[in-house]
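Observations on the model geometry
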Amino acid sequence: MRIVFMGTPDFAVPCLQKLIDCGHEISGVFTQPDKPKGRHGVMTPPPVKELALKNGLTVYQPVKMKDGTALEMLRQADPELVIVVAYGKILPKEILELPKYGCINIHASLLPKLRGAAPIQWSVINGFEKTGVTSMQMDEGLDTGDMLIKKETAIGENETAGELHDRLSLLGAQVLAETLCALEKGELKPVKQNHSEFTYAPMLSKELSPIDWNLSAQEVHNKIRGLSPWPSASARLGEKNVKIHRSVLTDEKGGLPGEIIEAGKRLVVSCGDGKCIEILEIQAENKKAMSAADFLRGNPVKTGERFS
C-alpha cells in the first residue's frame, strides 16, 4: 500500500527507516520546516528530512495544516495510509479522513496513560516502573483514538529520559512493523481507550528545572533523570546556578533539605524525607557537564552548605 510518513525528530527516524527497510511504498514524507540552530542560526533540516532525502523520498514541509496547503500536498502523494510519529502538528479532520486506511500514530506510552507531547519524560518524572509504545488509529482528539498494538518495557531505576527515548524509538519501529503486518492481513483488533484512566504529559519547559529539595529523595532523583538531557534539573549553590544531570539514591540519611552531607570524593545531598541522593554529573554555569568528583576538585564545596 502507498504510505505517507509524518514525523520530525530523532524519535521518528527508526520508524521511517523500518518502512524503508521493509520495502514499503512511501509516496511522501511530511516533516516540520527547517529551523535555525546554533549560535549562528544556521537553517537545519529535521532528522526525518535528512533520512528521507538520503533515500530519495519526496519531502513536504507545510507551515500550517489547516489552510488547505497540507491537504493539497497530501492529495498529490495519494496515500492509502498515513503513519504519524512525533510529527508535532495536529492533523485536521479532512486529513485524517483522506487515506483509505486513515492515520495511524505511534505514541511513546501505554495509552491511555500519558497522552500529550512529553510522555517519555513524564513517565520518568512520575516514577513509573514501566512504560511502552502504543500504535493507535487517530481521531480528532489528542491521543484518544482506538489502540491497536502495545509493547511495554521496564524503566531502569537510574535510567534517564534520554536513554529511555532511544530505547522507545526502536521499540516504536517494532510496533509499527507489527501493526502494518496485522493491517495487511486484516488482523487488527482496535480497542477503545478507557478515557476515565487517562493522564496527561504536557510539553516540557525550563520552568520545570528548579529542584524542590523538600521533595523525597526518590522524587528528586526522578526529576533529575526525567529532565535529562533537556531542559535539565537545576539548583543554586551559593551565588551560582548549576545543572544536575545524573544522580543515584544512597543509604545515607540525615540533614536538612538541600544540605550537602558529603563533599569529598562524593557529592551527597539530603532531601525532604531525610534520605539522600548522590549527584554523579553536574554542570556549572558556562561550563561543560562533568563528574561530581571533577566538579568538587575545581569548586570548593563544604559539608553543611545547602543547595537551594
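It should be emphasised that the depicted structure is a prediction, and the values quoted were computed from it without experimental measurement. (Residues numbered from 1 in each chain as written. Predicted model: local features only at pLDDT ≥ 70, side-chain atom pairs only at ≥ 80, totals over all residues. Heavy atoms only, no water.)

1. A look at the nonpolar core
Judged by nonpolar contacts, the single largest core of 35 residues is most densely connected at Phe5, Leu16, Val29, Ile83, Val85 and Leu168. The element that contributes the greatest number of residues to this core is helix α6 (residues 161-185), accounting for 9 residues. Excluding residues that lie within four positions of it along the chain, Val29 makes contacts with Phe5, Leu16, Val48, Ala52, Leu57, Thr58, Val59 and Tyr60. Counting 31 residues, the second largest nonpolar core, distinct from the first, contains Leu114, Val242, Leu267 and Ile277. (Core = buried A, V, L, I, M, F, W, Y, C linked by side-chain atoms within 4.5 Å. Buried < 20%, exposed > 50% of the residue type's maximum accessible area, 1.4 Å probe, protein only. Helix = DSSP H or I, 4+ residues; strand = E, 2+ residues; numbered from the N terminus. Contact = heavy atoms within 4.5 Å.)

2. Re the packing of aromatic side chains
Using the criterion set out here, one finds 2 aromatic pairs in the structure. Between Phe30 and Tyr60 the ring centres are 4.9 Å apart and the planes differ by 25 degrees, which places this aromatic pair in the stacked class. Here Phe30, found in strand β2 (residues 25-30), pairs with Tyr60, found in strand β5 (residues 59-60); they are 30 residues apart in sequence, far enough to count as distant. The buried category is assigned to Tyr60, whose relative accessible area is 12%. Seen from their ring centres, Trp213 and Phe307 are 5.5 Å apart, and the 25 degrees between their planes marks the pair as stacked. Within this pair, whereas Trp213 is found in the loop between α6 and α7 (217-226), its partner Phe307 is found in the segment after α8 (292-298), the two being separated by 94 residues in sequence. Assigned by exposure class, Trp213 and Phe307 land together as buried. (Phe/Tyr/Trp six-rings, centres within 6.5 Å; stacked < 30°, edge-to-face > 60°.)

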